[in-house]
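# Examining the three-dimensional arrangement
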Amino acid sequence: MLHWFDSIGARALRAYPYRMETYDGAPGPGGAPALSDAPVSDAGQPLADQPLTEQPGAAQPDAEEAATDQPVKLLPVAELHLHIEGTLEPELIFALAERNGITLPYADLDELRARYEFTDLQSFLDLYYANMAVLQTEQDFADMTRAYLARAAAAGVRHAEIMMDPQAHVSRGVPLGTCVNGVASVLANSLEEFGVSTLLIAAFLRDLSEESALEVLEQLLAMNAPIAGIGLDSAEVGNPPAKFERLFARAKEAGLHRIAHAGEEGPPSYIIDALELLDVERIDHGIRCMEDPDLVEHLVAERVPLTVCPLSNVRLRAVDTLAEHPLPAMLAAGLNVSVNSDDPAYFGGYVDDNFLQLQTVLGLSEFDRVRLASNSIRSSFADEERKTELLAELGYS
Ligand SMILES: [Zn+2]
């Protein structure tokens, strides 16, 4: 089914004509469409009769698929699993390289895009880290963040909890303050500028040592960095949660939220360990929980949020095709799942692209899409007032 992704990737890349405008600092398409104007049912139930909205900037179906594709209504969602470095689009990579006088190992955009065929998580990470070389100044980080928020707002994202990988920048000589301040300076005005409330999460690279993570966390705390929590990402297999017990204990002591990738490529036991040893509040990915019925039962009972990233899972071969993705089974099991884009520049699309493909390929129902959206809002770290506001937009009162 590789041809399927080729098609989606090409469409997604054609669909974002405003990328370079946002790089120049001009506002993107602004806030999400005004779902708040739609009537809310007296029973407080999600509305099923809202007019369908064409997604601005969304990948459009090929002509031969048009007969089966239905327009996807844009729902207000929270994006809970997003790596800001993974939003670095090829056009922006070339623009930043030119601005910073960096020679890229790719002759042109086509040569770069040709490298977006991944065989596993590590093959993606190799390209992901290589492309970060273009991020040098606060302005670079700010431009990347602004471009994401513009695109996310057009996808219906109304709240985003954004991970960044400080170690990936410090290790190549970029000061911690440069990356943090560059991203945070844009997030500080994201609600006013894009209609997206935001939180910043410092994610740590699990293939590095716990000492390295602790050192950076202490620096972040010392500089009073505006982070709401910590995460754990990068190469999962061979780097179990147990490796980072002290890091997460320190984060909890400092009053930070805690999330961790687990059960993407790693076994179900990593999910259990992340919950028990790291005391995380959410699991990023978590799809391999389906291999352990007892774990599923526990996750359902505790309403543990799992931030699932369908297009990412296919692109990184965690599942072979979207048609085989466990999301429908996860929903049927009663798991608290949401849909997220992970590293959208690399994996074929943003949140709206994920929803569109879930509808097209898996026949995701309106009921389940509303459920996924409400799960995302309820599972966020937004304050209760913001959650109530967004749930009301979704049709809950
Ligand atoms: Zn991720």
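Residues numbered from 1 in each chain as written. Predicted model: local features only at pLDDT ≥ 70, side-chain atom pairs only at ≥ 80, totals over all residues.

Let us now look at the overall build of the protein. In terms of regular secondary structure, the protein is built from 19 helices and 8 strands. Burial statistics for the protein: of 397 residues in total, 50% are counted as buried. Pairs at least 24 apart in sequence give 77% of the contacts found in the protein among residues at least 6 apart. (Helix = DSSP H or I, 4+ residues; strand = E, 2+ residues; numbered from the N terminus. Buried ≥ 20, exposed ≤ 12 C-beta atoms within 10 Å, placed from the backbone. Contact = placed C-beta atoms within 7 Å.)

A few words now on the environment of Arg151. Within the element layout of this structure, Arg151 appears in helix H6 (residues 138–154). For Arg151, a count of 29 C-beta atoms within 10 Å puts it in the buried group. Considering only alpha carbons, one finds Arg151 and Tyr350, 199 residues apart in sequence, at a separation of 7.8 Å.

Right, let's get into the nonpolar core. Generally speaking, nonpolar side chains in soluble globular proteins are found buried as a group. In terms of nonpolar packing, the biggest core is built from 104 residues, with Ala152, Ile162, Met164, Val183, Leu200, Ile201 and Ala274 touching the most fellow members. A total of 9 residues in this core trace back to one element, the largest contributor, which is H6. Not counting residues within four places of it along the chain, the set of residues in contact with Leu200 comprises Ile162, Met164, Val183, Ala184, Leu187, Pro226, Ile227 and Ala228. (Core = buried A, V, L, I, M, F, W, Y, C linked by C-beta atoms within 7 Å.)

Compared with the 24 Å implied by 1.5 Å per residue over 17 residues, the 25 Å span of H6 between its first and last C-alpha is a close match. For H6, a buried count of 15 out of 17 residues is recorded, marking the element as mostly surrounded by other parts of the structure. At the exit of H6 stands Gly156, carrying a positive phi of roughly 95 degrees. (Expected span 1.5 Å × (residues − 1).)

When the pLDDT values of the protein are averaged, the result is 84; 82% of them are 70 or greater. Low confidence marks residues 1–68, where pLDDT is under 50. Its contacts with residues over four positions away, or in another chain, come to 112 contacts. (pLDDT = per-residue confidence, 0-100.)

Here we take up unusual backbone geometry. What is expected of a backbone is that most residues other than glycine have negative phi and most peptide bonds are trans. The backbone of His285 shows a phi angle near 75 degrees, a positive value even though the residue is not glycine. Of note, His285 is situated in strand E6 (residues 282–285). Accessibility expressed as a C-beta count within 10 Å gives 27 for His285, which makes it buried. At Asp342, a position not held by glycine, the phi torsion is positive, near 65 degrees.

To continue, consider the sheet that holds strand E4 (residues 229–233). Strand order in this open sheet of 8 strands is E1-E2-E3-E4-E5-E6-E7-E8, and the pairing throughout is parallel. Here the strands that pair on one side only, and so sit at the sheet edges, are strand E1 (77–83) and strand E8 (336–339). This sheet shows a mean twist of 25 degrees between the axes of neighbouring strands, independent of strand direction. Alignment of E4 against strand E5 (residues 257–262), held across 2 bridges, turns out to be parallel. Looking at the pairing, Ile230 lines up with Arg258 of E5. (Pairing = 2+ DSSP bridges. Axes fitted to C-alpha atoms, helices over the stretch in contact; angles between N-to-C directions.)

Closest axis-to-axis distance for the helix H10 (residues 210–222)/helix H11 (residues 245–253) pair is 9 Å, and the angle between their directions is 20 degrees. Comparing their axes, H11 and H10 come out roughly parallel. Along this stretch, H10 crosses H11, giving a crossing that reads as left-handed. Judged by residue contacts, Glu210, Ala213, Leu214 and Leu217 of H10 engage Arg246, Leu247, Arg250 and Ala251 from H11. Classifying every residue of the contact of H10 with H11 by side-chain character gives 5 nonpolar, no polar and 3 charged. (Parallel < 35°, antiparallel > 145°, perpendicular 65-115°, else oblique. Left-handed = near helix turned anticlockwise from the far one by under 90°. Nonpolar A, V, L, I, M, F, W, Y, C, P; charged D, E, K, R; others polar.)

Below, the discussion takes up the pairing of E6. With 4 bridges connecting them, E5 and E6 associate as parallel partners. Looking at E6, one finds that Ala260 is bridged to Ile283. A crossover connection joins E5 to the parallel E6 through helix H12 (residues 268–277); in handedness this β-α-β unit is right-handed. With 2 bridges connecting them, E6 and strand E7 (residues 305–308) associate as parallel partners. Bridge pairing links Asp284 to Thr307 in E7. Handedness of the E6-helix H13 (residues 293–302)-E7 crossover: right-handed. (Right-handed = clockwise from strand over helix to strand, strands pointing away.)

Okay, helix H5 (residues 121–131) next. Looking only at H5, the buried set comprises Leu121, Phe124, Tyr128 and Asn131. Viewed end-on, H5 has its buried residues packed into an arc of 95 degrees, placing them on one side of the element. At its buried positions, H5 is contacted by helix H3 (90–100) and helix H16 (344–347). (Arc of directions from axis to C-beta.)

Another aspect to go through is the environment of His261. Residue placement: His261 occurs in strand E5. Residue His261 is classed as buried on the basis of its C-beta count, with 30 C-beta atoms lying within 10 Å. Sequence spacing of His261 and Val280 is 19 residues, and the spatial spacing of their C-alpha atoms is 9.9 Å. In contact with His261, not counting residues within four places along its chain, are Leu232, Asp233, Glu236, Asp284 and His285.

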